[in-house]
Amino acid sequence: MLLKAGPKWEDLNKDCLVNVVTRLGMKSLLIVIPFVCKSWYRVSLDPSCWQTINFQEIKYGHQSWYHFSSAYAFFKSIIKRSQGNATTVMLPTLCTEEVLRYLASKCPALKALYFPSAIWDNSSFVLPKLICKWKNLELLKLGNSINMVKILEGISLHCKNFCQLDIDSTAYIGRRAAAAIPTLLPNIKYLNLRRANISRTGLKRILRGCKKLVHLDVRDSVGFECDDKLLKLGSHISNFQIFKDDDAYIVGFIGEVEIYAGFEENASET
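Below, the structure is looked at part by part.

Here is what the cut-offs are and how they apply
- Residues numbered from 1 in each chain as written.
- Predicted model: local features only at pLDDT ≥ 70, side-chain atom pairs only at ≥ 80, totals over all residues.
- Heavy atoms only, no water.
- Pairing = 2+ DSSP bridges.
- Helix = DSSP H or I, 4+ residues; strand = E, 2+ residues; numbered from the N terminus.
- Axes fitted to C-alpha atoms, helices over the stretch in contact; angles between N-to-C directions.
- Buried < 20%, exposed > 50% of the residue type's maximum accessible area, 1.4 Å probe, protein only.
- Salt bridge = Lys/Arg side-chain N within 4 Å of Asp/Glu carboxyl O.
- Phe/Tyr/Trp six-rings, centres within 6.5 Å; stacked < 30°, edge-to-face > 60°.
- Right-handed = clockwise from strand over helix to strand, strands pointing away.

## A closer look at the sheet that holds strand β5 (residues 164-167)
Now for step 1: Taken in spatial order, the eight strands of this open sheet run β1-β2-β3-β4-β5-β7-β9-β10, and their pairing is parallel. Strands at the two margins of the open sheet, each flanked by one partner only, are β1 (52-54) and β10 (239-241). On average, each strand axis in the sheet is inclined to that of its neighbour by 5 degrees, with strand direction left out of account.
Now for step 2: Across four bridges, strand β4 (residues 139-142) lies against β5 in parallel orientation. Bridged to lysine 141 within β5 is aspartate 166.

## Let's talk about the environment of glycine 174
Now for step 1: Turning to its location among the elements, glycine 174 is positioned in the loop between β6 (172-173) and α8 (175-184).
Now for step 2: According to the relative accessible area criterion, glycine 174 is buried, its value standing at 2%.

## Some points on unusual backbone geometry
Now for step 1: Even without being glycine, glutamine 83 reaches a positive phi, approximately 50 degrees.
Now for step 2: As for its position among the elements, glutamine 83 is in the loop between α4 (71-82) and β2 (88-90).
Now for step 3: The exposed category is assigned to glutamine 83, whose relative accessible area is 58%.
Now for step 4: Residue arginine 195 is not a glycine yet carries a positive backbone phi of 60 degrees.
Now for step 5: Within the secondary structure, arginine 195 is located in the loop between β7 (190-192) and β8 (197-198).

## Describing the pattern of salt bridges
Now for step 1: In the structure shown here, the tally under the stated rule is five salt bridges.
Now for step 2: With a shortest N-O distance of 2.8 Å, arginine 219 and aspartate 217 are connected by a salt bridge. Exposure class is identical for arginine 219 and aspartate 217. Each is buried.

## Considering the packing of aromatic side chains
Now for step 1: Taken as a whole and judged by the stated rule, the model has four aromatic pairs.
Now for step 2: Between phenylalanine 55 and phenylalanine 74, the ring centres sit 6.2 Å apart and the planes meet at 80 degrees, which makes this aromatic pair edge-to-face. Of this pair, phenylalanine 55 sits in the loop between β1 and α4 while phenylalanine 74 sits in helix α4; the two residues are 19 residues apart in sequence, bridging distant segments of the chain.
Now for step 3: Taking the relative accessible area as the measure of exposure, phenylalanine 74 reaches 13% and is therefore buried.
Now for step 4: Ring geometry for phenylalanine 75 against tyrosine 102: centres 6.5 Å apart, planes inclined by 70 degrees, an arrangement best described as edge-to-face. Here phenylalanine 75, found in helix α4, pairs with tyrosine 102, found in helix α5 (residues 97-106); they are 27 residues apart in sequence, far enough to count as distant.
Now for step 5: The exposure class assigned to phenylalanine 75 is buried, which follows from its relative accessible area of 1%.
Now for step 6: Taken together, the ring pairs in this structure connect Phe55, Tyr72, Phe74, Phe75 and Tyr102 into an aromatic cluster.

## Describing the pairing of β5
Two faces make up the sheet, and in a regular strand the side chains alternate between them.
Now for step 1: Of the two faces of β5, the one carrying Gln164 and Asp166 and the one carrying Leu165 and Ile167 are both buried.
Now for step 2: Taken together, β4, helix α7 (residues 148-158) and β5 constitute a β-α-β crossover, and its handedness is right-handed.
Now for step 3: As paired strands, β5 and β7 are joined by three bridges and run parallel to one another. For aspartate 166, the partnering residue across the bridge sits in β7 and is asparagine 192.

This is the structure in structure tokens:
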């Protein structure tokens, strides 16, 4: 008796297939999925597969499958695949002003933007001029704090749904930057300043001014000593992480909040 053949992968419902392949990462979408069969190739070109684009998973260099000389052309080709539907983009290490301007022109629906820790070119100075393109931006992870106040001013003016700011570890959060966070983003809900250099005065400004915070991470930071006064100021924050990892204690911890790496400010702004 012959067994009846089961359904084939290539006959899988398109929406289901999109859901599967988007979990495999950008590299697989580029050099694996398209070569499985014709239907999978067509799915790999569907804009729905490119709503989240993570360039940071790509290794750069002469030994990688992606070469520095074609970095900008490669970036453009990936962004084009989203057809303007990309909502999350993790920028490459080779993030130049040209790359950033192209992203702003082609991805108006962006909700989350992640910068790498090391940024080439003068992207930090161009970003404030481009923020107005992303009205739906909710999350920003910066690789450094250069020009941070100007960036926050743009967010305050144009991004009404903004709720999360992440600042790269070891960042210096000077007086102006610390004051700008509660002044320009009083309704922010998630703030990651882990391993930052921030003064006690700066932290107190944030605790007093950001009354809608539900998550604040300042673990392993320098520039202040934790005491009862700081804990009391942060008592309204349900997930206030202030002690070092060795202390294994989190103030008001309830559940898990997904955190992303953070950012830094120009040390001259003190």
